[in-house]
Amino acid sequence: MPSDPVPSRASRRTFLRTVAVVSAGVSATSLVGTWAAPPARASAVVHPGLLHTAAGLTDLRARTGATSAPWASGWSAVRADARSRPGRTATPVATLNTGGPGENWTHLLDDAHTAYQNAVLWRLTGDTAHADTARDILNAWSQTLTSVSGAPELGQTSGIYGFVLANAAELVRDRPGFDTARFGTMLTDVLYPVSHAHLTAPDESCTSSYATNWELAHIASVLAIGVFCDDTAMVDQATALVTDTPRVMHAIPYVWDGGHSDRYSVTGLGLLAVICEMAWNQGRDLYASHDNRLLAASEDVARYELEPTQTPTLGTWGTSATSPAWALVHGHYVTRRGLSAPHTAVLADRAIAEGGGFDRLGLGAAAYTL
């Protein structure tokens, strides 16, 4: 394929076009592997069925006392993270301002990840203090939040929060005292409309403020909200954006002689892996879309990260080399499918749990090493 020049500014429609590309070093045979079927697709949505399933939680529960890598160090890091502590209280706001004067998005950033991590720890340890912490935080936000505003980050943050909140709520949906209906209404009436508007906007409406991975955040949000709310139309909408249109998988179309990576390219890999994993747990195989395009992109970005002269970008939410994206990608393509992903494997070994970040869930190796 020709190595067309990359535009100087990434648009929202390009995903990883400027930063993650199909590796010329990934052979065709390495992308074949063995076939592993996703769980049988049920006629209705399966619960829990986002990043964690009942079977997956049972498997993880059996490993919480493991003394071997990567689970021992992973769970140690999970428990040590400040957002994993039970008893933390929510700081909800009625109007979430995601950018500009008066921005207050960090309130939801902290609370969403705190709810998720406590919900996971309840499922794994049985400690009801974690369950109550997650439940109370989610209830506080569904009772308070009525609108989202702000620019230019409006699109990105509402998508990210939608998928993180839905994952937390999915784990405590049956907890006594959790107002499931009210929380679902908040997701569908406050957060989903922003994602839907973003995903259905014509290309010409995009401004220069739209960043590379915003579309992926919205797809993740729509998918997660659809599952939590038993809305198969939303699930179909999200999965079709990966399988039936050129807007995501086809946005990694080039073979390059060299690589280029930063924390945003790894964020893109992580968001797409999250989408694929949530869909897989609903019986839909998006990982295989477009000839395992996600695997090829992962190998290329990982290869670049591992070059001796490359220093992983350090942002406020960690380094690209320790992202949970590597564990998710490796867990599916290598462990489930038996494919070759040597560069991804190296980084997956480094991706111990690091707690939640701005635009990704933590619990990398501990949760996703199969």
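How each quantity is defined
- Residues numbered from 1 in each chain as written.
- Predicted model: local features only at pLDDT ≥ 70, side-chain atom pairs only at ≥ 80, totals over all residues.
- Heavy atoms only, no water.
- Phe/Tyr/Trp six-rings, centres within 6.5 Å; stacked < 30°, edge-to-face > 60°.
- Buried < 20%, exposed > 50% of the residue type's maximum accessible area, 1.4 Å probe, protein only.
- Helix = DSSP H or I, 4+ residues; strand = E, 2+ residues; numbered from the N terminus.
- Lys NZ or Arg CZ within 6 Å of the ring centre and 35° of its normal.
- Core = buried A, V, L, I, M, F, W, Y, C linked by side-chain atoms within 4.5 Å.
- Contact = heavy atoms within 4.5 Å.

A word on the packing of aromatic side chains
In step 1: The full count for this structure, using the stated rule, is four aromatic pairs.
In step 2: Between Phe178 and Phe183, the aromatic rings sit 5.6 Å apart at their centres with planes inclined by 55 degrees, giving tilted as the arrangement. As far as the burial class goes, Phe178 and Phe183 line up, both buried.
In step 3: A ring pair is formed by Phe183 and Phe228, whose centres lie 5.8 Å apart and whose planes are at 80 degrees; its orientation type is edge-to-face. One end of the pair, Phe183, is in helix α6 (residues 180-200); the other, Phe228, is in helix α7 (residues 214-228), and 45 residues separate them in sequence.
In step 4: Relative accessible area serves as the criterion here: at 0%, Phe183 is assigned to the buried category.
In step 5: A connected cluster of aromatic rings, assembled from ring pairs, spans Phe178, Phe183 and Phe228.
In step 6: Positioned over the ring face of Phe228 is Arg173, at 4.7 Å from the centre of the ring.

Quick notes on the nonpolar core
In step 1: Formed by 87 residues in total, the largest nonpolar core has its most connected members in Leu138, Leu165, Phe183, Leu187, Ile275, Met278 and Leu294.
In step 2: Considering each element in turn, this core owes the most residues, 11 residues, to helix α9 (residues 263-280).
In step 3: Not counting chain neighbours up to four residues away, the residues in contact with Leu138 comprise Ala115, Leu165, Ala168, Ala169, Val172, Phe178 and Phe183.

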